[in-house]
Amino acid sequence: MTESTNNTEKLEKLGRTVLNGIITAIPICMTFFHNAHEMYNRLPTDYLHFLIGAILCFFGGFYPTVFAAVQAAEHGGLTTVKIALKALGEEVIIIVNESKKDDKVDDDGDGTPDTEQLSPRILMERKVKLVLTKMNPEKVNTAISSIYKVWIAVLAVLKIEFARTVALAMTISAFFKRFVNRYIVPKVDSATPAEYKKWVPVLADWACKSIGVGIAWKIQTIITAFTSSLSGGLMMSRALIVILAKRGMGPKDHNDTTADEVASYVFAFLGFYFQFTQSFSAPFPFNIILAPVQLVENWIQWSVTD
């Protein structure tokens, strides 16, 4: 009984810590992204082109479907998504501020905030009630609906753009499935208890699809890394020509020189080599900073391949 009580207390402390961490982190993250966006908007156009080119050149192969989704969204409602995210952000800030005020309430006057004396279940019910009473449901519903409509349009574009990758994934999966069904499934089936045998073919099918999808997307990643290195390198070199021209160094038009082509080959080689040496995966510390982007990349890949 004592051990169970101790475990419950530990879970309560953990739940409170996580909830407080989320409430503290949300405003910090939103402030960071807001400042980053403001800095992005203040960058001169030429420097902005150079930055975008560098990202494509050195990181294009790490997140192929994310970049493709952004490009598709530019023609299918990126502005709509920005407006919707801004609206959701405003609602989140309202909830966070109200939650902070609620954490200071001391109705019984004992000197300790009421929220610190509640069990995790009661505290969660209190926070849910706060969200439901302070949130603008119509605003949130409109924002989510807008994002979903844009996502459906983007997904349709991506399915067409990556149709070859999907076909390759299915072909590889079918190849492995024949081998697995012939040599592996019978052995696993014979060693599996009768009540679990129905899961063997299903799990084998999932495993084969996972292998096929993984191999196909790895090949697509290499192709995307190569092409993005070329396009990003050219973008960087031409932006650099303009930047130098404004400083009185070199020609004003890239058509008057071959330096931009030569520089683009150098940038492209460095970009692809960098991605190749990292096994087409973001290196430390970018893999931690960009972990949410990697999750989005994996989700989009599965959505496109589904």
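Everything that follows concerns the structure shown earlier in this document.
Residues numbered from 1 in each chain as written. Predicted model: local features only at pLDDT ≥ 70, side-chain atom pairs only at ≥ 80, totals over all residues. Heavy atoms only, no water.

A word on the overall build of the chain
- A count of helical and extended segments in the chain gives 11 helices and zero strands.
- Ordered by position in the sequence, the α and β elements of the chain form the string α-α-α-α-α-α-α-α-α-α-α.
- Looking at the chain residue by residue over its 306 residues, the buried ones come to 29%.
- A separation of at least 24 residues holds for 81% of the contacts in the chain among residues at least 6 apart in sequence.
- Surface accessibility of the chain: about 19,900 Å² in total, with carbon and sulfur atoms responsible for 67%. (Helix = DSSP H or I, 4+ residues; strand = E, 2+ residues; numbered from the N terminus. Buried < 20%, exposed > 50% of the residue type's maximum accessible area, 1.4 Å probe, protein only. Contact = heavy atoms within 4.5 Å. Areas by Shrake-Rupley, 256 points an atom, 1.4 Å probe, with all protein chains shown as cover.)

As for a nonpolar patch on the surface
- Where nonpolar side chains cluster on the molecular surface, the patch consists of V262, V266, F269, L270, Y273 and F276 and spans about 620 Å² of accessible area.
- One can find F276 in helix α9 (residues 259-277). (Patch = residues over 30% accessible without salt bridge, like charges linked within 9 Å, V, L, I, M, F, W, Y side chains within 5 Å. Salt bridge = Lys/Arg side-chain N within 4 Å of Asp/Glu carboxyl O.)

Notes on the nonpolar core
- Core analysis: the biggest nonpolar cluster contains 23 residues, and V154, L158, F162, I300 and V304 have the highest contact counts within it.
- Those residues in contact with L158, other than ones at most four positions away along the chain, are T65, A68, A69, I300 and V304.
- By size, the runner-up hydrophobic cluster in this structure holds five residues, among which are V180, V200, A204 and C208. (Core = buried A, V, L, I, M, F, W, Y, C linked by side-chain atoms within 4.5 Å.)

So, the layout of surface pockets
- Here the second largest pocket is characterised by a volume of approximately 230 Å³.
- Lining the second largest pocket are 17 residues; nearest its centre among them are W217, T221, Q294, N298 and Q301.
- Mapped by element, the contributors of at least two residues to the lining of the second largest pocket are α8 (199-246) and α11 (291-305).
- Here the lining of the second largest pocket is composed, by residue class, of eight nonpolar, seven polar and two charged. (1 Å grid on protein atoms, 1.4 Å probe; cavity = no way out; pocket = protein on both sides within 12 Å on 5 of 7 lines; lining within 4 Å. Points joined across faces, edges and corners; volume = space filled by probe spheres on them. Nonpolar A, V, L, I, M, F, W, Y, C, P; charged D, E, K, R; others polar.)

A word on unusual backbone geometry
- Looking along the chain, the bond that leaves F284 and enters P285 is cis, with omega of 5°.
- Positive phi values are uncommon outside glycine, yet F280 reaches one of about 60°.
- Position of F280 among the secondary structure elements: in the loop between α9 and α10 (286-289).

Considering the side chain of T221
- Tracing the sequence through the fold places T221 in helix α8.
- Judged by its relative accessible area of 7%, T221 falls in the buried class.
- Not counting residues up to four positions away in its chain, the partners in contact with T221 are G61, P64 and F280.

Description of the pattern of salt bridges
- Taken as a whole and judged by the stated rule, the model has eight salt bridges.
- Taking the shortest distance from any N to any O, the salt bridge between R126 and D102 comes out at 2.8 Å. Of this pair, R126 sits in helix α5 (residues 120-134) while D102 sits in helix α4 (residues 78-103), and the two are 24 residues apart along the sequence.
- Its relative accessible area of 11% is what places D102 among the buried residues.
- Measuring nitrogen to oxygen at the nearest pair gives 3.1 Å for the salt bridge that ties D205 to K177. Placement of the pair is D205 in helix α8 and K177 in helix α7 (residues 163-190), with a sequence separation of 28 residues.
- For D205, a relative accessible area of 17% corresponds to the buried category.
- Linked through salt bridges whose partners overlap, the residues forming this network are E90, E91 and K139.

Interpretation in functional terms is not warranted from these geometric data alone.
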